[in-house]
Amino acid sequence: MSGNESRLKAIYEITNTAPIEAKMTEPLNKIWASDVFGLRQMEESLSKAAFKAIKKTVETGAELDSATADVVAAAMKDWAMSKGAKFFSHIFYPMTNATAEKHDGFIVTNSDGAAITEFTGSLLIKGEPDGSSFPNGSLRMTNAARGYTAWDPTSPAYIMHTANGAVLTIPSVFISWTGEALDKKIPLLRSNAAMNAAAQKVLSLMGETDIATLNSSCGAEQEYFLIDENFANARPDLLLTGRTLFGAPSPKGQQFDDHYFGAIPERVQVFMQDFEDKLYRLGIPAKTHHNEVAPGQFEIAPYFESANIAADHQQLLMTVLKNTAKKHGFLCLLHEKPFAGVNGSGKHVNWSVGNSTQGNLLDPGNTPNENLDFLLFCGAVIRGVHKFGPLLRAVIATASNDHRLGANEAPPAILSVYLGDQLEKVFNDIKTGALHVPSDGGTMDLGLSQILKFKRDPGDRNRTSPFAFTGNRFEFRAVGSQQSVSGPLIAMNTMLADSLEWIAAKLKAELDGGAETPAAVFAVIKEIMESHGNVVFGGDGYSAEWHKMAAEERGLKNLPTSAEALPVLKSPEVVELFSSTGVLSPVELASRFEVYAEQYVLAIEVEAKLVVEMATTMIYPAAVSYLSTLGSVNAKLINSPADAVTNAANAMMASVDKLTKAIEKEEFNSTEAHLSFLAGDVCGLMLEVRAAADALEGLVPDSVWPLPKYREMLFIK
């Protein structure tokens, strides 16, 4: 079947396909976490002693003994088999953004040849995948391949249902035989431990005596696109790279602002209902869904959870999202920029810190100027973002996210902190020594009797800030939509731990010098604002003036590409940060630079090769075919399109030739030089090829053009 026939068949199939019929959902209280082996299920199936031990481990990270692990394993197996599971899997998260799993059967045979089931504590605690077959930054070689998965009891096991049956899925860490972290979970757990230790010091100095274990929490807003799978199957670029490497703008895109929060298409509503039912059964607290700004784009947002569980749930959410979309005849696109010219997708990571005794330490309350704990923890964030802004940029650096950062739909690649008018004034007042009582936001009164009056927030929102305070948390808005949230959480927890250690030392010195607690706190905050206040910015982060001011007056780095951002992971200050906090050893951190750099190189190279292939085998033949149909008629036409088509086709193939030669370049002085070459030369040449191809799309008739167009794909039928 020719390219244009595939496209026309896709349009026919979509036009004549009825949506899946919506099913009535069961009540939430019946399905909630029904496929999760959590504390409620454990309490029902374990002895009191075993349940007390595992609960303490889950809530405080206390060590679990092997005897209790045996009891938990037996109960977990019985529960899983009652739900139809015959296999179990230690699920883990390699240094890529992927999820990995290996399925093992509960089955064993005895001496009589009969089949029995077995699942012991030792099987629960440890698995053994190949450590060298995953990207590992030279930590494991083919001849030294052993790696281990180890059960993480603080994140609950669950049943994953597929068309092929049910699998007991056990969240795990992934380590090498020599003990280095090969995954994203170990450093996340370490970063939380480092943050807790430093926070305990600060709160103790503040006179707190009852201090529960502190945890960071996360709520990640997931954006995504849906397109009909019939179109996707006719687009090699979408199938292999997740984005359109070619495509002229649709006459109608998002310019009418009619999609954001608009009526959700019925077909999508049915998909969302099915998707969210699956999430509820897995204990994932999906709260909000809506249309996003671009046509064909949507968002789902969960409640806050502890960072470790939230990271696991985010990975699981992306898996369920893609699988459920396929069931409904969609391809779910998690790429940050699947369509040029319309908004891309991010994953806004809402982050806070707290515990059961002091509550949310990033909640300012009604009188933030008097909330000393809040002032210290918020000040710690300000210091951390100023010192390690380039690190925050590095942990969101991917080839796909580069398409968003710095554009007018996403935060700039300059890391700054937005506090809002009220809080910014409080911190600046402390800096100048003239603290005033902040005013509230007042009352919203529309002058309409039927509309109730309500209290207005004391500060506005700033959607151009990459790191914004939003009432009782910070929102890291620059995270990519297909990224694991673990990397950003690790960086935020670790920079906070570093700042809290610094604050504890400064606070102790002030108190030992005879200062009262409020005066000591204000002295510490004053020093933070004097040294790090340049990172606080409440204006338009998209403006050229801010870019100039940030660089020339405030000394903030602008790292627009991953090629510039990833080497930050090798900088001495970042190596020292992770080493001193015990989150990542220098070797483990170096391995991450190697893996992330390799992933960037591979992503660009795959795209470049596919650009060459599609331009040569799909787009150029379509142009030639159209020119052949014009034939002798062309000479008789005024303003014939033949010249324009010929010029665009020749320009495209000339750029293809240059891109082909660029791809073949192999020798580079360093990894950094390779990254820079790809970000500049290769990406630039891909854009050259695309510009000519997109011009051809506007010249070649629909009946000949081989690729589904933006105007067809973006508007769901």
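One can find the structure itself at the top, above this paragraph.
Since we're looking at a predicted model, the values are computed, not measured.

Cut-offs applied
- Residues numbered from 1 in each chain as written.
- Predicted model: local features only at pLDDT ≥ 70, side-chain atom pairs only at ≥ 80, totals over all residues.
- Heavy atoms only, no water.
- Helix = DSSP H or I, 4+ residues; strand = E, 2+ residues; numbered from the N terminus.
- Buried < 20%, exposed > 50% of the residue type's maximum accessible area, 1.4 Å probe, protein only.
- Areas by Shrake-Rupley, 256 points an atom, 1.4 Å probe, with all protein chains shown as cover.
- Phe/Tyr/Trp six-rings, centres within 6.5 Å; stacked < 30°, edge-to-face > 60°.
- Lys NZ or Arg CZ within 6 Å of the ring centre and 35° of its normal.
- Contact = heavy atoms within 4.5 Å.
- Expected span 1.5 Å × (residues − 1).
- Pairing = 2+ DSSP bridges.
- Core = buried A, V, L, I, M, F, W, Y, C linked by side-chain atoms within 4.5 Å.
- Axes fitted to C-alpha atoms, helices over the stretch in contact; angles between N-to-C directions.
- Parallel < 35°, antiparallel > 145°, perpendicular 65-115°, else oblique.
- Left-handed = near helix turned anticlockwise from the far one by under 90°.
- Salt bridge = Lys/Arg side-chain N within 4 Å of Asp/Glu carboxyl O.
- Polar contact = N/O pair within 3.5 Å; in protein donor to acceptor, adjacent residues only side chain to side chain.
- Nonpolar A, V, L, I, M, F, W, Y, C, P; charged D, E, K, R; others polar.

## Quick look at the overall build of the chain
Phase 1 of the analysis: Assigned secondary structure in the chain consists of 23 helices and 21 strands.
Phase 2 of the analysis: Counting every position in the chain, which comprises 717 residues, the buried fraction comes to 52%.
Phase 3 of the analysis: Approximately 31,200 Å² of the chain is accessible, and the part contributed by carbon and sulfur atoms is 53%.

## Considering the packing of aromatic side chains
Phase 1 of the analysis: All chains considered together, the criterion is met by 16 aromatic pairs.
Phase 2 of the analysis: Pairing F537 with W546 gives two aromatic rings, centres 3.8 Å apart and planes at 10°, and the pair type is stacked.
Phase 3 of the analysis: Owing to a relative accessible area of 1%, W546 belongs among the buried residues under this scheme.
Phase 4 of the analysis: A ring pair is formed by F668 and F677, whose centres lie 5.4 Å apart and whose planes are at 50°; its orientation type is tilted.
Phase 5 of the analysis: On the basis of relative accessible area, F677 is assigned to the buried category, the value being 14%.
Phase 6 of the analysis: Feature note: the residues W351, F374, F467, F469, F474 and F476 constitute an aromatic cluster, connected by ring pairs.
Phase 7 of the analysis: Above the ring of F330, the side-chain terminus of R267 is found at 4.1 Å from the ring centroid.
Phase 8 of the analysis: The ring of F668 has K665 lying over it, and the distance from NZ or CZ to the ring centre is 5.1 Å.

## A closer look at the environment of T213
Phase 1 of the analysis: The topology assignment puts T213 in the loop between α7 (185–205) and β10 (215–228).
Phase 2 of the analysis: On the accessibility criterion, T213 (36% relative accessible area) is partly exposed.
Phase 3 of the analysis: In the structure, T213 is positioned 152 residues away from G61 in sequence and 8.9 Å away in space, judged by C-alpha atoms.
Phase 4 of the analysis: For T213, the residues in contact, after removing those within four places along its chain, are T60, N196, Q200, G354 and N355.

## Section: helix α14 (residues 486–512)
Phase 1 of the analysis: Over its 27 residues, α14 extends 38 Å from the first C-alpha to the last, a length consistent with the 39 Å expected when each residue adds 1.5 Å.
Phase 2 of the analysis: Count one or two residues on from α14 and you reach G514, which has phi positive near 100°.

## Here we look at the pairing of β10
Strand residues, when the strand is regular, have side chains that alternate between the two faces of the sheet.
Phase 1 of the analysis: Counting buried residues along β10, 13 of its 14 residues qualify, which places the element largely inside the surrounding structure.
Phase 2 of the analysis: Here β10 runs beside strand β15 (residues 347–355); their pairing, made up of eight bridges, is antiparallel. What sits directly across from E221, in β15, is H348.
Phase 3 of the analysis: In this structure, β10 lies alongside strand β13 (residues 305–306), joined through two bridges in antiparallel fashion. Bridge pairing in β13 links S217 to S306.
Phase 4 of the analysis: In this structure, β10 lies alongside strand β12 (residues 297–302), joined through four bridges in antiparallel fashion. Each bridged residue has a counterpart across the sheet, and for Y224 the counterpart in β12 is F298.
Phase 5 of the analysis: Strand direction decides the pairing type here: β10 and strand β14 (residues 330–333), joined by four bridges, are antiparallel. What sits directly across from F225, in β14, is L333.

## Considering the pairing of strand β9 (residues 165–176)
Phase 1 of the analysis: Within β9, ten of the twelve residues are buried, which leaves it mostly tucked inside the rest of the structure.
Phase 2 of the analysis: Examined bridge by bridge, strand β2 (residues 85–91) and β9 share six bridges and lie parallel to one another. Following the sheet pairing, F88 is matched in β9 by L168.
Phase 3 of the analysis: Across five bridges, the pairing between strand β7 (residues 147–151) and β9 is antiparallel. In the strand pairing of β9, Y148 is matched with I175.
Phase 4 of the analysis: When strand β8 (residues 157–162) meets β9, the two strands line up antiparallel, connected through five bridges. When the sheet's bridge partners are listed, Y158 is paired in β9 with T169.
Phase 5 of the analysis: In sequence, β8 turns back onto β9 through a hairpin of two residues.

## A short note on helix α21 (residues 641–663)
Phase 1 of the analysis: The end-to-end C-alpha distance of α21, which contains 23 residues, comes to 33 Å, matching closely the 33 Å that a straight helix rising 1.5 Å per residue would cover.
Phase 2 of the analysis: Buried within α21 we find A642, V645, A648, A649, M652, S655, V656, L659 and A662.

## Regarding the nonpolar core
Phase 1 of the analysis: By size, the foremost hydrophobic cluster in this structure holds 130 residues, and its most contacted members are F246, L419, F467, F474 and F476.
Phase 2 of the analysis: Considering each element in turn, this core owes the most residues, 18 residues, to helix α19 (residues 586–630).
Phase 3 of the analysis: Residues within four places of F467 in sequence aside, it is in contact with W351, V381, V385, L392, S416, V417, Y418, F474, E475, F476, M492 and M495.
Phase 4 of the analysis: Core analysis: the next-biggest nonpolar cluster, separate from the first, contains 29 residues, I91, I300, V320 and C332 among them.

## As for the packing of α19 against α21
Phase 1 of the analysis: Orientation of α19 relative to α21, taken along the N-to-C sense of each, is 160°, at an axis distance of 10 Å. Classified by the angle their axes make, α19 and α21 are roughly antiparallel. In terms of crossing hand, the pair formed by α19 and α21 is left-handed. Note on element contacts: α21 touches α19 through P641, A642, V645, T646, A649, M652, M653, V656, L659, T660 and I663, opposite A608, K609, V611, V612, A615, T616, I619, Y620, A623, Y626, L627 and L630.

## Things to note about the pattern of salt bridges
Phase 1 of the analysis: Under the defined criterion, the tally for this structure stands at 25 salt bridges.
Phase 2 of the analysis: Notably, a salt bridge pairs D702 with K709, separated by 2.6 Å at the nearest N-O pair.
Phase 3 of the analysis: For D702, a relative accessible area of 33% translates into the label partly exposed.
Phase 4 of the analysis: Assessed through its relative accessible area of 7%, K709 is described here as buried.

## Structural notes on the side chain of K185
Phase 1 of the analysis: Position of K185 relative to the elements: it lies in helix α7.
Phase 2 of the analysis: When its relative accessible area of 2% is taken as the criterion, K185 is described as buried.
Phase 3 of the analysis: Looking at K185, its side chain comes within polar contact range of the side chain of N308, at 2.9 Å.
Phase 4 of the analysis: Once residues within four sequence positions are removed from consideration, K185 is found in contact with Y93, D152, S155, P171, S172, V173, N308 and D312.

## With respect to the side chain of E180
Phase 1 of the analysis: With respect to the helices and strands, the residue E180 is situated in the loop between β9 and α7.
Phase 2 of the analysis: Looking at E180, its side chain comes within polar contact range of the side chain of S176, at 2.7 Å.
Phase 3 of the analysis: Among the polar contacts made by the side chain of E180, one reaches the side chain of T178 at a distance of 2.4 Å.

## Quick look at the packing of α19 against helix α22 (residues 671–697)
Phase 1 of the analysis: Packing of α19 against α22 brings their axes to within 10 Å, and their N-to-C directions diverge by 25°. Here α19 is positioned roughly parallel relative to α22, judged by the angle of their axes. When the axes of α19 and α22 are compared, the crossing they make is left-handed. Of the residues in α22, those in contact with F593, A597, Y600, V601, I604, E605, E607, A608, V611, A615, I619 and A623 of α19 are T671, E672, H674, L675, L678, A679, V682, C683, M686, V689, A693 and L696.
Phase 2 of the analysis: Looking at side-chain class alone, the contact of α19 with α22 contains 19 nonpolar, two polar and three charged residues.

## Topic: the environment of V485
Phase 1 of the analysis: Structurally, the position occupied by V485 is in the loop between β21 (474–476) and α14.
Phase 2 of the analysis: Separated by 177 residues in the primary sequence, V485 and N308 have C-alpha atoms spaced 9.7 Å apart.
Phase 3 of the analysis: Beyond its immediate chain neighbours, meaning those up to four positions away, V485 contacts C218, A220, A311, Q314, K347 and V349.

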